[in-house]
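Chain by chain, the residues run as shown.
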Amino acid sequence: MDFELTDEQRLVQETARSFTDNEVVERARENDRNEHFDLELVGQIANQGYLGAIVPREYGGAGLDYLTYGLVVEEIGRGCSAMRTVISVQTSRVCSSILRWGTEEQKLHYLPKLCSGEWLGCFGLTEPDTGSDAANQRTRARRTDSGWVINGAKMFISLANHARVALIFAQTDPKKGHRGLACFLVDADQPGFQPQPIHHKMGLRGSDTGAISLDDCHAAGDAMLGEIGDGFKIAMTALDSGRYSVAAGCVGICQGCLEASVNYSKDRVQFGRPIASFQLVQEMITDIKLHTDAARMLVWRAATLKDTGKPNTTETSIAKLYATEAAVHCADTAIQVHGGSGYVDDYPVERYYRDVRVTTLYEGTSQIQKLIIGRALTGVNALVPA
Ligand code: COS
């Protein structure tokens, strides 16, 4: 693996860095305070080409490789995890699924609108009673003369309230278990699709999260990704991309914690000298750096495997597990460096601490990642009773 970025990758990285500093960081605190989902900023992010970044140019994307996409996600994640979530969902879950599983017509219909930000998309897998056990979908799809009717409920869905198209996972035949699942491209602009905002989240307050009620929702006969029975694999391949994106965003949080802590420690004077001169403060900053670099290397390894078309589910889970836990640790440590000042939102570390907490929960909890990794190592599926 080459640790040197190409000139093009470096340029994309620098552009994303200055965009983040000039446009995203500026608004992150106010949006967080006001629980404001900043559609104008989403539009700017789309104009940068960051929605659907890995989608080939012929479908309206930026045609980036995974490593370069990860560099962008890291920078936006450093600035604002709520906006990073928009990129992760739109790009890694929605666009990557359509790209991987869609017909040519579906790709041409959806991808340009999603990449340009004209439409937002959401990913309806999680349900009120279905989280880690993703195969156990309660939402049902019934065939009709004109297509499908879908009934059920989805929970904790990012972009639910602003999506124009929703990838909805539903069971077509409960007797078949995960082999009965299908993934529908559902038009969110119909009466049976009813999103409800979820408020009072610990973090990601500037992101849009909702519950969706599906009451006789219609999907046309050809509004399905893949075939009946492909639903679970579609979800898992989307998560292979989504987990990578979350991991890259968490490297951004780690990096943000590092920069904030270094700056603060050089400014803050106690006992007549900057606290950066104290060994125990340097130890905390070094610890943040260690976690940041290790997380970044794991993300880059997963990217390299993806970009060379090699199996990467285990390495993606390792990157996701490590980077999210590292970011939780770094945010905690950065607040310790900031002392009382880290407890209010004058500094970004307070928001990092709240925003990062969900990352070890969504896209598969840390425990699920450990079971995926453990299964790959031992060949034993801990989720199947012995
Ligand atoms: N890529 C492609 N196919 C995959 C896959 C992947 N990454 N992971 C599993 N599959 C396939 C398997 O090969 C298997 O295929 P067959 O039916 O042909 O045998 C099928 O999917 C079922 O796989 P498995 O037996 O591993 O399913 P489990 O029910 O044991 O579930 C876990 C596995 C726990 C890994 C899965 O349910 C999971 O990831 N849960 C967490 C869900 C999650 O992240 N939710 C968050 C949603 S977004 S906030």
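Because the structure is a prediction, the values reported are computed rather than measured.

So, how was this worked out
- Residues numbered from 1 in each chain as written.
- Predicted model: local features only at pLDDT ≥ 70, side-chain atom pairs only at ≥ 80, totals over all residues.
- Heavy atoms only, no water.
- Axes fitted to C-alpha atoms, helices over the stretch in contact; angles between N-to-C directions.
- Helix = DSSP H or I, 4+ residues; strand = E, 2+ residues; numbered from the N terminus.
- Parallel < 35°, antiparallel > 145°, perpendicular 65-115°, else oblique.
- Left-handed = near helix turned anticlockwise from the far one by under 90°.
- Nonpolar A, V, L, I, M, F, W, Y, C, P; charged D, E, K, R; others polar.
- Domains from an automatic or database assignment.
- Contact = heavy atoms within 4.5 Å.
- Buried area = accessible area lost by both parts, 1.4 Å probe.
- Salt bridge = Lys/Arg side-chain N within 4 Å of Asp/Glu carboxyl O.
- Polar contact = N/O pair within 3.5 Å; in protein donor to acceptor, adjacent residues only side chain to side chain.
- Core = buried A, V, L, I, M, F, W, Y, C linked by side-chain atoms within 4.5 Å.
- Buried < 20%, exposed > 50% of the residue type's maximum accessible area, 1.4 Å probe, protein only.
- Expected span 1.5 Å × (residues − 1).
- Bend = angle between axes of the 7 residues up to and from the residue.
- Phe/Tyr/Trp six-rings, centres within 6.5 Å; stacked < 30°, edge-to-face > 60°.
- Lys NZ or Arg CZ within 6 Å of the ring centre and 35° of its normal.
- Near = heavy atom within 4 Å.
- Areas by Shrake-Rupley, 256 points an atom, 1.4 Å probe, with all protein chains shown as cover.

Considerations on the packing of helix α6 (residues 231-267) against helix α7 (residues 279-307)
Here α6 crosses α7 at 155°, and the two axes come no closer than 9 Å. By the criterion of interaxial angle, the relationship of α6 to α7 is roughly antiparallel. Note that α6 runs across α7; the crossing there is left-handed. Of the residues that constitute the contact of α6 with α7, the class distribution is 15 nonpolar, five polar and four charged.

A look at the domain arrangement of the protein
Each domain of the protein was delimited in the assignment, giving domain 1 (7-120), domain 2 (122-231) and domain 3 (233-378). Distance from the C-alpha centre of domain 1 to the C-alpha centre of domain 3: 20 Å. In this assembly, 28 residues from domain 1 lie in contact with 32 residues from domain 3. Taken over both partners, the interface formed by domain 1 and domain 3 buries close to 2400 Å², and the fraction arising from carbon and sulfur atoms is 50%. For the interface between domain 1 and domain 3, the tally reads seven salt bridges. In this structure, R78 and E259 form a salt bridge, with 4.0 Å as the shortest nitrogen-oxygen distance. Inspection of the domain 1/domain 3 interface yields 17 residue pairs in polar contact (both at pLDDT 80 or more). At the level of secondary structure, the elements contributing two or more residues to the side of domain 1 that touches domain 3 comprise α1 (7-33), α3 (66-79) and α4 (81-101). Each residue belonging to the side of domain 1 that touches domain 3 can be placed in one class, and the counts come to nine nonpolar, nine polar and ten charged.

Considerations on the nonpolar core
Among the nonpolar cores identified, the biggest contains 115 residues, and I150, F184 and F193 are the most heavily contacted of them. Broken down by element, this core gets its largest block of residues, 16 residues, from α6. Aside from chain neighbours lying at most four places away, what touches I150 is T139, R140, A141, I168, A170, F184, V186, L214, D215, D216, C217 and A219.

Things to note about α4
Taking 1.5 Å per residue, 21 residues should reach 30 Å; α4 reaches 28 Å between its end C-alpha atoms and fits that length. Helix geometry: α4 is bent most strongly at C95, by close to 30°. Of all the 21 residues making up α4, 19 are buried; the element is thus mostly covered by neighbouring parts of the structure.

Comments concerning the packing of aromatic side chains
The tally for this structure, following the rule as stated, stands at nine aromatic pairs. Measuring from centroid to centroid gives 5.9 Å for Y66 and Y69, while their planes differ by 75°, and the two rings are edge-to-face. With Y66 and Y69 both in helix α3 and three residues apart, the pair spans about one turn of that helix. The same class applies to Y66 and to Y69, which are both buried. Measuring from centroid to centroid gives 5.9 Å for F271 and F278, while their planes differ by 85°, and the two rings are edge-to-face. Grouped by ring-pair contacts, the aromatic residues Y66, Y69 and Y244 constitute a single cluster. A cation sits over an aromatic face here: K306 above Y66, 5.5 Å from the ring centre.

Structural notes on the site of the ligand
Neighbouring the ligand are 24 residues; S132, H178, K233, R243 and R375 lie closest to it. H178 has a polar side-chain atom sitting 2.5 Å from an oxygen atom of the ligand. Across the complex, the protein chains shield 74% of the 1000 Å² of accessible surface that the ligand would expose by itself. Where the shell around the ligand is concerned, the elements lending two or more residues are α6 and α10 (366-378). Taken domain by domain, the shell around the ligand gets at least three of its residues from each of domain 2 (122-231) and domain 3 (233-378).

With respect to the pattern of salt bridges
Going through the model one piece at a time under the given rule, you end up with 22 salt bridges. Measuring nitrogen to oxygen at the nearest pair gives 2.9 Å for the salt bridge that ties E259 to R17. Pair noted here: E259 is in helix α6 and R17 is in helix α1, with a separation of 242 residues, a long-range link. Among the residues examined, E259 registers a relative accessible area of 23% and is labelled partly exposed. Connected via shared salt-bridge partners are R17, D21, E75, R78 and E259.

With respect to the packing of α6 against helix α8 (residues 313-338)
Two packed helices can be described by the angle between their axes and the distance between those axes. At a closest axis distance of 8 Å, the pairing of α6 and α8 adopts a crossing angle of 25°. One element, α6, and the other, α8, form an angle in the roughly parallel class. The interaxial crossing formed by α6 with α8 has left-handed handedness. Here the residues of the contact of α6 with α8 are counted per class, giving 17 nonpolar, seven polar and three charged.

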